[in-house]
Protein chains: 2
Amino acid sequence: MTVAVKSRVEEQAIEAKKAAKTLAILSTEEKNQVLHVLADTLEEKFETILSANHKDLQAGREKGYEEAFMDRLALTKERVYDFAKGLREVAELEDPTGDVLSNWTLDNGLDVKQVRVPLGVIGMIYEARPNVTVDATGLALKSGNAIVLKGGSSAINSNKAIVDVMHEALEDTKIPKQAVQFIASTDRAATQELFTMKEHIDVLIPRGGGSLINAVVNNATVPVLETGVGNCHIYVDVDADVEKALNILVNAKTDRPAVCNAAETLIVHKNWLAKHKDALIETLKQNNIAVHGDEEAVRVIPGAVLADEDDWANEYLSLDIAVKVVDSVEAAIAHIDQYGTKHSEAIVTEDAQAVTTFMNLVDAAALYHNASTRFTDGGALGFGAEIGISTQKLHARGPMGLPALTTIKYIMSGNGQVR
Amino acid sequence: MTVAVKSRVEEQAIEAKKAAKTLAILSTEEKNQVLHVLADTLEEKFETILSANHKDLQAGREKGYEEAFMDRLALTKERVYDFAKGLREVAELEDPTGDVLSNWTLDNGLDVKQVRVPLGVIGMIYEARPNVTVDATGLALKSGNAIVLKGGSSAINSNKAIVDVMHEALEDTKIPKQAVQFIASTDRAATQELFTMKEHIDVLIPRGGGSLINAVVNNATVPVLETGVGNCHIYVDVDADVEKALNILVNAKTDRPAVCNAAETLIVHKNWLAKHKDALIETLKQNNIAVHGDEEAVRVIPGAVLADEDDWANEYLSLDIAVKVVDSVEAAIAHIDQYGTKHSEAIVTEDAQAVTTFMNLVDAAALYHNASTRFTDGGALGFGAEIGISTQKLHARGPMGLPALTTIKYIMSGNGQVR
């Protein structure tokens, strides 16, 4: 059969698949050595990367991108050195591949081993931040996977320079440079091609805003690891300790408002609100938190504006918060069921029964009792670097470290067994 | 927000989601008790089921379905009693839900538990065999999941009667009958609605032929557990023991040709073939195996016809076999890469190096050295009942028992921790 290769993107995916076979059989030491070479080379060539980044920044300014966006795009010598540090940290992580997860012998003598192996080729589709180019490559290679990178067009020059530097570094290593593929086209069609390349790509991981993630989930036939939209709620129950409640609320809302584990909605029991409204109002005011409330919240909290459907359903990623007043933990759960994104949800209460109900019935990756949702993070939980935070239920849920980039194989050894 | 419910199918999925919340918090004992009630009731009402099955058989005869199909469709008292026995066996299996998979405490005192929980609602889309209606329901309920069943139209009366009996049995149990939903419409649109019901259905499991599975994989936005097409190969290496090779070939091809772990292609090293062609030819002949070969195979094996692309790419599910002659293990692997379905692949050899190469480089759920591919089966491997055999890499690979119907939750317990 002659395989008709349709495009450069498909050629790249095929090259990645081939390189993955070489990678899959390298030892942990060999892979770690390469990660150190990559780290060293990124540091050496930081100026090349910065000058490419300069072009992206200039283009961004011309297009009038907003400050926060430009900040995420901008690289400095320190940031490039941080990329290198990240790779060295990945080298320190335990290599999950090759682990024999279980091993038993059937009555007929057939030996059965369940072994952890790399997925093969990872397709990474992401937006502005150029650090993803390095982080995702490091995690993919460490877990024995090839990677196809498709970054956002606003960082195209930075990403291309980073990949060029990594390719140069790979020249003298045991990992073929074909294991790291960069889709240089900024054409949307190139991204869409990746969606259906089941023959060559084993998993797609979208990282970015909700619309990027939805585009991948809705159009891909390649299996997807869905990451990151976090419409997280803090439910303050009737029995909540006021100090814990306010500390947790402020931390979850204001520590880093733009991240996915930040709180977007406060759900508050009406009796708690009646008792502690002065403290709550003062805390919101002191922390410059703007309230979009339901009718009851608007009645109680000065300056609050009436929330609409968008307020309940979407992330603010800013110092805004939606406030919903309820009369029971069940009503709080019903609200989370309707609007939550299955990321991180918290209850603040001293009532053990309410905790049990919340933990049993709320469907999300991470559930908190009397703690901030901000802990849903590979670093904070002690997993090391993460490739994203899964909000789906299959394969991986919550922060995804190296094991999420693996699958299993059953290896059977016999001496002629038949059934 | 008023939720606009679009159809009866969506109503059913919503009912299932609601019922799943009740189910998720039942104890193992409570669930097992229900499985026994279901088993007893199926036995009691077997005549109701048989008379419904009679209608399906009559319709099938009128439509001129072939014998093998009619045989899979036909129920007897014994078969219904086997359904009941299957449910009692599922009651004996270990309940994976509620298991604390790991538990640690952060430096700040936050307790982190990774707990196994049910997926929620399983959508089962399947073809003729009515036993799937019972087997899938048993596995779903045992693992704390609700289920939406969409069986093939040829078994509609049988499936409906089985579900009616199960609903009647559930009336007096702790599991609401809404946990078992049966899509009674034989309209294709009803199935397609399930494909995109992400809000209500957590996973779709298609079981049946390749075209059913492809329709689900290509059109679903709900995550899919892909099962079962097995285009399995037996590679007989240059160093293969002749007795082992022929025994394994015959077993894998003829024991149950219609199942997914049966062999469909023999790949044979040219030097082995040259040496053992008489024994191979005699064995194929004695077992009525019809050969579709490449040019070399056709030259050597009397009566062989020339294979085309379809022969390499598809399952025969009959006593036909494709035969490919190669000159190395690498060439065998390249053929499997091109045509395999990542199900089960075997190498017969006495050469340890060839085994290592095969195990490292063939990408499939189950790899065999000197054993028949027929062992890829939950029962044979000691997992108990299976919901299908996964040929995908994410979430579950190979025979899927109860753990494949679960996910995890992180449960964090604090006393006010913030970041």
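Reading the values: rules and limits
- Residues numbered from 1 in each chain as written.
- Chains lettered and ligands numbered in written order.
- Predicted model: local features only at pLDDT ≥ 70, side-chain atom pairs only at ≥ 80, totals over all residues.
- Heavy atoms only, no water.
- UniProt positions renumbered as here; feature names shortened; annotations may be inferred.
- Axes fitted to C-alpha atoms, helices over the stretch in contact; angles between N-to-C directions.
- Helix = DSSP H or I, 4+ residues; strand = E, 2+ residues; numbered from the N terminus.
- Parallel < 35°, antiparallel > 145°, perpendicular 65-115°, else oblique.
- Left-handed = near helix turned anticlockwise from the far one by under 90°.
- Contact = heavy atoms within 4.5 Å.
- Pairing = 2+ DSSP bridges.
- Buried area = accessible area lost by both parts, 1.4 Å probe.
- Salt bridge = Lys/Arg side-chain N within 4 Å of Asp/Glu carboxyl O.
- Polar contact = N/O pair within 3.5 Å; in protein donor to acceptor, adjacent residues only side chain to side chain.
- Phe/Tyr/Trp six-rings, centres within 6.5 Å; stacked < 30°, edge-to-face > 60°.
- Buried < 20%, exposed > 50% of the residue type's maximum accessible area, 1.4 Å probe, protein only.
- Lys NZ or Arg CZ within 6 Å of the ring centre and 35° of its normal.
- Expected span 1.5 Å × (residues − 1).
- Least-squares fit on C-alpha atoms with pLDDT ≥ 70 in both.

Under an unreviewed UniProt entry, the name given to chain A is Gamma-glutamyl phosphate reductase, and the organism recorded is Priestia iocasae. You can read under Subcellular location (unreviewed entry) in the UniProt record for chain A the words "Cytoplasm". Under the heading Catalytic activity (unreviewed entry), UniProt records this for chain A: "L-glutamate 5-semialdehyde + phosphate + NADP(+) = L-glutamyl 5-phosphate + NADPH + H(+)".

Enquirer: Would you explain the packing of helix α10 (residues 242-254) of chain A against helix α11 (residues 270-286) of chain A in this entry?
Expert: Helix packing geometry: the angle between the two helix axes and the distance between the axes. All names here are of chain A. For the pair α10 and α11, interaxial distance at closest approach is 11 Å and the crossing angle is 40°. Classified by the interaxial angle, the pair formed by α10 and α11 is oblique. In the packing of α10 onto α11, the handedness of the crossing is right-handed. On the side of α10, the interface is formed by V242, A245, L246, L249 and V250, while α11 contributes W272, H276, A279, L280, T283 and L284.

Enquirer: Can you walk me through the sheet that holds strand β10 (residues 305-306) of chain A in this structure?
Expert: Two pairing modes exist for strands in a sheet, parallel and antiparallel, and in both the strands are linked by backbone hydrogen bonds. The strand order across the open sheet formed by 10 strands is β10(A)-β9(A)-β11(A)-β8(A)-β7(A)-β12(A)-β13(A)-β16(B)-β2(B)-β1(B), and the pairing between neighbours is mixed. With one partner strand each, in any of the chains shown, β10 of chain A together with β1 (100-105) of chain B form the two edges of the open sheet. In terms of strand pairing, strand β12 (residues 344-348) of chain A meets strand β13 (residues 366-371) of chain A through 4 bridges, oriented parallel. Across the sheet, the residue bridging to S344 of chain A is A366 of chain A, located in β13 of chain A. In the packing of helix α14 (residues 329-339) of chain A onto the sheet, the strands contacted are β7 (232-236), β8 (263-269), β11 (320-326) and β12 of chain A, and the crossing angle to β7 of chain A comes to about 175°.

Enquirer: Just checking my understanding: could you explain the interface of chain B and chain A for this structure?
Expert: Often the size quoted for an interface is simply the accessible area lost on bringing the parts together. Taken residue by residue, the interface counts 71 residues in chain B and 71 residues in chain A. Area buried by chain B at its contact with chain A is led by L394, Y410 and R419 of chain B, which between them contribute 14% of it. Counting across the chain B and chain A interface gives 8 salt bridges. Taking the shortest distance from any N to any O, the salt bridge between D202 of chain A and K393 of chain B comes out at 2.9 Å. Where chain B meets chain A, there are 44 residue pairs in polar contact (both at pLDDT 80 or more). Broken down by element, the side of chain B that touches chain A gets its largest block of residues, 11 residues, from strand β16 (residues 406-417) of chain B.

Enquirer: Mind showing me how you'd approach the UniProt feature "domain: Aldehyde dehydrogenase" (unreviewed entry) in chain A here?
Expert: According to UniProt, the positions carrying the feature "domain: Aldehyde dehydrogenase" (unreviewed entry) are residues 6-292 of chain A. The span residues 6-292 of chain A is 52% helix and 17% strand, and its two end C-alpha atoms sit 51 Å from each other.

Enquirer: Would you explain the packing of aromatic side chains in this entry?
Expert: Centre distance and the angle of the planes are the two values used to describe a pair of aromatic rings. Overall, the coordinates contain 8 aromatic pairs over all chains when judged by the stated rule. Aromatic side chains W104 of chain A and F383 of chain B sit 5.8 Å apart centroid to centroid with 55° between the ring planes, which places their arrangement in the tilted category. Here W104 of chain A is found in strand β1 (residues 100-105), whereas its partner F383 of chain B is found in the loop between α16 (378-381) and β14 (388-390) on a different chain. A relative accessible area of 24% means that W104 of chain A is categorised as partly exposed. The exposure class of F383 of chain B is partly exposed, given its relative accessible area of 24%. Taken together, the ring pairs in this structure connect W104 and Y410 of chain A together with F383 of chain B into an aromatic cluster. Sitting over the face of the ring of W312 of chain A, K324 of chain A holds its NZ or CZ atom 5.9 Å from the ring centroid.

Enquirer: In this structure, what is going on with the pattern of salt bridges? I would like to understand it.
Expert: Pairing between side chains becomes possible if they bear opposite charge and their charged atoms approach one another. What the rule picks out here adds up to 48 salt bridges over all chains. The salt bridge involving R88 of chain B is made with E43 of chain B; its shortest N-O contact spans 2.9 Å. Here R88 of chain B is found in helix α5 (residues 77-92), whereas its partner E43 of chain B is found in helix α2 (residues 28-44), with 45 residues between them in sequence. Residue class for R88 of chain B comes out partly exposed when judged on its relative accessible area of 24%. What makes E43 of chain B buried here is its relative accessible area of 18%. Residue R397 of chain B is joined to D363 of chain B by a salt bridge in which the shortest nitrogen-to-oxygen separation is 2.8 Å. Taken together, the positions of R397 of chain B in the loop between β14 and β15 (398-400) and D363 of chain B in the loop between α15 (352-361) and β13 (366-371) put the pair 34 residues apart, joining distant regions of the chain. Residue R397 of chain B shares its accessibility class with D363 of chain B, and that shared class is buried. Beyond isolated ion pairs, a larger network of salt bridges with shared partners links K17 and D202 of chain A together with K342, D363, K393 and R397 of chain B.

Enquirer: I keep staring at the environment of G123 of chain B and nothing clicks. Help me out?
Expert: Position of G123 of chain B among the secondary structure elements: in strand β3 (residues 121-126). Residues G123 of chain B and V222 of chain B lie 99 residues apart in sequence; the distance between their C-alpha atoms is 9.4 Å.

Enquirer: What should I look at first to understand helix α7 (residues 156-170) of chain A in this one?
Expert: One turn of the α-helix equals 3.6 residues, which is why residues spaced by three or four share an orientation. Residue and element names in this part refer to chain A. Helix length check: α7 (15 residues) gives 21 Å between terminal C-alpha atoms against 21 Å at 1.5 Å per residue, within 8%. Buried residues dominate α7, accounting for 11 of its 15 residues. Along α7, the residues classified as buried are I156, S158, N159, A161, I162, V163, V165, M166, H167, A169 and L170.

Enquirer: Help me out: how do you make sense of the relation of the copies chain B and chain A in this one?
Expert: What relates the pair of chain copies is a rotation about an axis plus a shift along that axis. For the pair chain B and chain A, the relating rotation is 180°, the translation along its axis is 0.0 Å, and the fit reaches an RMSD of 0.0 Å. Read as a symmetry element, the transformation amounts to a two-fold axis. No C-alpha of chain B approaches the rotation axis more nearly than that of H395 of chain B, which lies at 1.8 Å.

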